[in-house]
Amino acid sequence: MSGTALMYMLANMFLTQLFYVVGVGGVQEDNLCLCLAFGIHYLRLAIISWLCVMTYDMLITFRNNVNLNPRPEPVNVLISRFVKYSLFAWGVPSLSVISASVMRMTVNHQTVDNLNPYNCWFFEKTIYNVTFAMPALCCFAAIVDSLVRSWLTARATVGLQVDKKTRLKMHRKRTLQLHLYVKIATLLFAVNVFGYVARNGSPASDPVAWIAYNVGHSLQGILVALAVTCNCQVLKIYTRSFTRRRRRRPRNGSATALFDKRDNDISDTTYLQNLTWDPVPLPV
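As the structure is a prediction and not an experimental result, all values here were calculated from the model. (Residues numbered from 1 in each chain as written. Predicted model: local features only at pLDDT ≥ 70, side-chain atom pairs only at ≥ 80, totals over all residues. Heavy atoms only, no water.)

Novice: It is not clear to me how the UniProt feature "transmembrane region" (unreviewed entry) in the chain should be interpreted in this structure. Could you clarify?
Specialist: The UniProt entry lists residues 7-27, 39-62, 82-107, 178-198 and 218-239 under the feature "transmembrane region" (unreviewed entry), expressed in the numbering used here. Secondary structure within residues 39-62 divides into 100% helix and 0% strand; the distance between the first and last C-alpha atoms comes to 35 Å. Taken as a whole, residues 178-198 contains 100% helix and 0% strand, while its terminal C-alpha atoms sit 30 Å from one another. (UniProt positions renumbered as here; feature names shortened; annotations may be inferred. Helix = DSSP H or I, 4+ residues; strand = E, 2+ residues; numbered from the N terminus.)

Written out as structure tokens, the structure is:
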């Protein structure tokens, strides 16, 4: 369940960056610029919604599995849970976009109120604060609540384990997942804070927030992917394999290579006459 939600979140990040690059490139057509603005608005809020789903699912998993080995759940329960998660993760951004379109028709008749003439993302400040900043803040509050309760649940379930090795292994697995979600939540929160400051501030006088938002928005997808795949366990495995490969690689023509070749020849045979040094190896 968490892996599927993660794939949806990464797909939303990819589409968000794609739409954002098209919008920054300069769109002269007002209707196309408005469609890009609504699309980015929807996808950016969907990213936060899927992260909210991931942290809540982690809390449910920690509560239902008090042992190291997870208890398998029926397929119908998993499907029902995934449908509920999908309704929330896709429904919240949909309601936000509908509210933004209604406010645009009733409050402000401008197509898009931009930070600069060639960016199709930022709406008028009131629309942005009401339809994006407030739902995002509520989702981040739910994420923090799920993370805190997951930490308390993991701490309690780890203490219930009798065997020391099982307790340490369970603590390591739970801590690794918690740290991963904390990193992702911190990254997304920082990027959205920079976007909020850039939208409500003055980008002409203080472009630091605008530059930081663009850099974070461009790198958030690859940073989340690296945080998921390249944790300390994976890096340790690759480091060990690389070190062993370096140690096993002999120098051509050296005495070590001759001895290693002779050892391999001896180990691959069972005849006694091959157990003698013929020819005599070179002196070292």
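Novice: Can you walk me through the packing of aromatic side chains in this structure?
Specialist: Geometrically, a pair of aromatic rings is defined through the distance of the ring centres and the angle of the planes. Going through the model one piece at a time under the given rule, you end up with 11 aromatic pairs. Centroid distance W50 to W90: 5.5 Å. Interplanar angle 80 degrees. Geometry classified as edge-to-face. Residue W50 is found in helix α2 (residues 30-64), and its partner W90 is found in helix α3 (residues 75-106); the two are separated by 40 residues along the sequence. On the accessibility criterion, W50 (0% relative accessible area) is buried. On the basis of relative accessibility, which here comes to 27%, the residue W90 falls in the partly exposed class. (Phe/Tyr/Trp six-rings, centres within 6.5 Å; stacked < 30°, edge-to-face > 60°. Buried < 20%, exposed > 50% of the residue type's maximum accessible area, 1.4 Å probe, protein only.)

Novice: Would you mind showing me how to read the packing of helix α5 (residues 164-200) against helix α6 (residues 208-229) here?
Specialist: When two helices pack together, their arrangement is given by the angle between their axes and by how far apart the axes lie. Running from N to C, α5 and α6 cross one another at 165 degrees; their axes reach a closest spacing of 8 Å. Between α5 and α6, the angle is such that the two are roughly antiparallel. Of the two possible hands of crossing, α5 and α6 adopt the one that is left-handed. Where α5 abuts α6, its residues L180, I184, L187, L188, V191, F194, G195, V197 and A198 lie against A209, W210, A212, Y213, G216, H217, Q220, L223, V224, A227 and V228. (Axes fitted to C-alpha atoms, helices over the stretch in contact; angles between N-to-C directions. Parallel < 35°, antiparallel > 145°, perpendicular 65-115°, else oblique. Left-handed = near helix turned anticlockwise from the far one by under 90°. Contact = heavy atoms within 4.5 Å.)

Novice: Quick question: what am I supposed to make of the nonpolar core here?
Specialist: Soluble, globular proteins show a tendency: their nonpolar side chains are buried together. Core analysis: the biggest nonpolar cluster contains 40 residues, and M9, L51, I143, L147, Y181, I184 and L188 have the highest contact counts within it. Among the elements of the structure, α1 (2-24), α2, α3, α4 (125-159), α5 and α6 are those that each provide at least two residues to this core. With 12 residues, α2 is the single largest residue contributor to this core. The next biggest cluster of nonpolar side chains, apart from the first, holds six residues, and it includes F38, V97, A100 and M103. (Core = buried A, V, L, I, M, F, W, Y, C linked by side-chain atoms within 4.5 Å.)

Novice: Is there a simple way to explain the side chain of H217 in this structure?
Specialist: Mapped onto the fold, H217 is located in helix α6. H217 has contacts with T16, Q17, Y20, R44 and V191, leaving out every residue within four places of it along the chain.

Novice: Help me out: how do you make sense of the packing of α1 against α2 in this one?
Specialist: Orientation of α1 relative to α2, taken along the N-to-C sense of each, is 160 degrees, at an axis distance of 9 Å. Relative to α2, the element α1 lies roughly antiparallel. Both α1 and α2 take part in a crossing whose hand is left-handed. Class assignment of the residues belonging to the contact of α1 with α2 gives a composition of 17 nonpolar, five polar and two charged. (Nonpolar A, V, L, I, M, F, W, Y, C, P; charged D, E, K, R; others polar.)

Novice: Would you explain a nonpolar patch on the surface in this entry?
Specialist: Together, I211, V215, L219, I222, L223 and L226 line one region of the surface with nonpolar side chains, adding up to about 510 Å² of accessible area. With respect to the helices and strands, L219 occurs in helix α6. Overall, L219 belongs to the partly exposed group, its relative accessible area being 41%. (Patch = residues over 30% accessible without salt bridge, like charges linked within 9 Å, V, L, I, M, F, W, Y side chains within 5 Å. Areas by Shrake-Rupley, 256 points an atom, 1.4 Å probe, with all protein chains shown as cover. Salt bridge = Lys/Arg side-chain N within 4 Å of Asp/Glu carboxyl O.)

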